[in-house]
Amino acid sequence: MTKRLNNIVFAIPIINIIVDLTTNYFSPGILSPGGLRALFLLGFQLYVITHYYTRERISVYILFYSIYILLIILLFSTDFISSLNLYLKYLISLLMFPIGYIFINQIEKLVHLTKVYYFTLVLIFVNILIANIFKLGGSTYLEDSFYFGSAKVNITKYIVQIILVFPILLHFSKTRIHRFYYYLFFIGVLVILIGLKRTAIGALFIGLFIYYILTPYKLKYSKFLIYGTLFLILLLPIYRNVLTDRFRAREEFIRIDEEEDLEKEGRYWEFLSVKNAFLNGSTRHILFGSEMFNDRAFFNTKRMLHMDYSIILNGSGLVGSILYFILFLTITLKVIKYDFYFRNKAMRLLNSTFWSVLIASLIISISGSIYSIGFRSFLFLLFGAIIRIKRQIVFEKFQN
């Protein structure tokens, strides 16, 4: 594999975050940042798969699952172009698994990838700073309180993932971790708290808790969190007013704001509509779903489904939902599998990172992430890397 291909892999997170932070400033279309990003990534993935593809079971399963989704779109979608557009976003994120498996095959490369992700965190903070100077992207819950730019508060979902892979830097980096990375970690926590997005906050703290339970480095991790908490307390005078004002405004927003009431009704509508359509639908709908990635046409509404699980169930039916969860189950079993051959602290730390990111992503899926190339590319690139590195550790152990 050429050095150029490796460099492209490490550049993907940077490309994703730049596009995610800027694409809403442009009109949608093939020449928008999002459209160009999709063409570039899909072209790169197809090149890698055709030239370096390995018959690894999960990668084979992803191809099978992707073909199934495309097939039901061809058969049951009344707006093929619209469904195909969203399908390509979904496909690109899934195909990041074989990219991670092929290229991120050493712990050193995983550490470098993590550093790249923390560089993207810097870009996010710069974007937020610019957004607050020029008041870009709107200020959710409270006017003129805190701006996130065109990506809006959903960018906190992305920050959660970056924070949860920090232990890779903390324990695997051969050089002494600069304090700069510590500050980025806790500023990220602070931004998530200020964002007040419940799924992001819940995913963050549940992910950190799961990591704490599973990590073999509990003492070091505890010290890190204690120092970080003290750091946030010392900064409290700077952000306390913004946080408390936004929190009160959110409570008031939930209580009386008409738009929030509509959102609550929308969530309730989504759950009931998908459930009723499934229970009362035809055999074809129950098994194979209807209008995959085109649910607005199916329900005759302008509001798209938000929850990933609703989108999968309604669009691909019982068969597609089972295949979707089999994908995550297969990845999980593969991560566990190598522990039966050999287990050391490195393997346990990879496990704890995997579980914290996986559970956090499943929580975030409640508020929707299936159409986010950046978010889900991170997920599957990391999963592919972890499985490949665990395989390499076991292989080298038995080879020696």
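Nothing here was measured: the structure is a model prediction, and the numbers come from that model.

## Observations concerning a nonpolar patch on the surface
Line of reasoning, step 1. A surface patch of nonpolar side chains, about 680 Å² in accessible area, is lined by L329, L333, I336, F340, Y341 and F398.
Line of reasoning, step 2. Residue position: L333 is located in helix α16 (residues 308-337).

## Quick look at the nonpolar core
Line of reasoning, step 1. The biggest cluster of nonpolar side chains holds 124 residues, and the ones touching the most others in it are I124, F293, F380 and F383.
Line of reasoning, step 2. Looking at this core, the element that brings in the most residues is helix α18 (residues 373-399), giving 14 residues.
Line of reasoning, step 3. Beyond its immediate stretch of four places on either side in the chain, F383 contacts F97, F328, I331, F354, V357 and L358.

## Overview of the environment of L94
Line of reasoning, step 1. Its place among the elements puts L94 in helix α4 (residues 80-94).
Line of reasoning, step 2. Residue class for L94 comes out buried when judged on its relative accessible area of 1%.
Line of reasoning, step 3. With 14 residues separating them along the chain, L94 and E108 place their C-alpha atoms 24 Å apart.
Line of reasoning, step 4. Once residues lying within four places of it in the same chain are set aside, the contact partners of L94 are I62, Y65, S66, L327 and F380.

## Section: the packing of helix α6 (residues 107-134) against helix α9 (residues 179-195)
Line of reasoning, step 1. Relative to each other, α6 and α9 sit at 50 degrees, their axes nearing to 11 Å. Overall, the two elements α6 and α9 adopt an arrangement that is oblique. Judged by the sense of rotation from one axis to the other, the crossing of α6 with α9 is left-handed. Only F180, Y181, L184, F185, I187, G188 and V191 of α9 make contact with α6, whose side of the interface consists of K115, Y118, L121, V122, F125 and I128.
Line of reasoning, step 2. Taken together, the residues of the contact of α6 with α9 break down into 11 nonpolar, one polar and one charged.

## A look at the pattern of salt bridges
Line of reasoning, step 1. Counted under the stated rule, the structure contains five salt bridges.
Line of reasoning, step 2. R376 serves as the salt-bridge partner of D308, at 3.8 Å between the closest nitrogen and oxygen. With a gap of 68 residues between them, D308 in helix α16 and R376 in helix α18 connect regions that are remote in the sequence. Across this residue pair, the class does not change: D308 and R376 are buried.
Line of reasoning, step 3. Notably, a salt bridge pairs K390 with D339, separated by 3.1 Å at the nearest N-O pair. Of this pair, K390 sits in helix α18 while D339 sits in the loop between α16 and α17 (345-364), and the two are 51 residues apart along the sequence. D339 matches K390 in its accessibility class, with the two residues each being buried.

## Quick look at the packing of aromatic side chains
Line of reasoning, step 1. Evaluated as defined, the whole model comprises 32 aromatic pairs.
Line of reasoning, step 2. Ring centres of F354 and W355 lie 5.5 Å apart, and the angle between their planes is 75 degrees; this geometry places the pair in the edge-to-face category.
Line of reasoning, step 3. The partly exposed category is assigned to W355, whose relative accessible area is 26%.
Line of reasoning, step 4. In textbook terms, an aromatic cluster arises when at least three aromatic residues are bridged by ring pairs, as seen for Y118, F166, F180, Y181, Y182, Y183, F185, F186, F224 and F231.
Line of reasoning, step 5. Above the face of the F76 ring, R284 is positioned so that its terminal group lies 4.3 Å from the ring centre.
Line of reasoning, step 6. The cationic tip of R388 hangs over the ring face of Y101; the distance from NZ or CZ to the ring centre is 5.2 Å.

## Some words on the side chain of S369
Line of reasoning, step 1. Within the secondary structure, S369 sits in the loop between α17 and α18.
Line of reasoning, step 2. With relative accessibility at 4%, the residue S369 sits in the buried group.
Line of reasoning, step 3. In this structure the side chain of S369 is engaged in a polar contact, spanning 2.8 Å, whose partner is the side chain of D308.
Line of reasoning, step 4. S369 has contacts with D308, I364, F375 and R376, leaving out every residue within four places of it along the chain.

Parameters and conventions
- Residues numbered from 1 in each chain as written.
- Predicted model: local features only at pLDDT ≥ 70, side-chain atom pairs only at ≥ 80, totals over all residues.
- Heavy atoms only, no water.
- Patch = residues over 30% accessible without salt bridge, like charges linked within 9 Å, V, L, I, M, F, W, Y side chains within 5 Å.
- Areas by Shrake-Rupley, 256 points an atom, 1.4 Å probe, with all protein chains shown as cover.
- Salt bridge = Lys/Arg side-chain N within 4 Å of Asp/Glu carboxyl O.
- Helix = DSSP H or I, 4+ residues; strand = E, 2+ residues; numbered from the N terminus.
- Core = buried A, V, L, I, M, F, W, Y, C linked by side-chain atoms within 4.5 Å.
- Buried < 20%, exposed > 50% of the residue type's maximum accessible area, 1.4 Å probe, protein only.
- Contact = heavy atoms within 4.5 Å.
- Axes fitted to C-alpha atoms, helices over the stretch in contact; angles between N-to-C directions.
- Parallel < 35°, antiparallel > 145°, perpendicular 65-115°, else oblique.
- Left-handed = near helix turned anticlockwise from the far one by under 90°.
- Nonpolar A, V, L, I, M, F, W, Y, C, P; charged D, E, K, R; others polar.
- Phe/Tyr/Trp six-rings, centres within 6.5 Å; stacked < 30°, edge-to-face > 60°.
- Lys NZ or Arg CZ within 6 Å of the ring centre and 35° of its normal.
- Polar contact = N/O pair within 3.5 Å; in protein donor to acceptor, adjacent residues only side chain to side chain.

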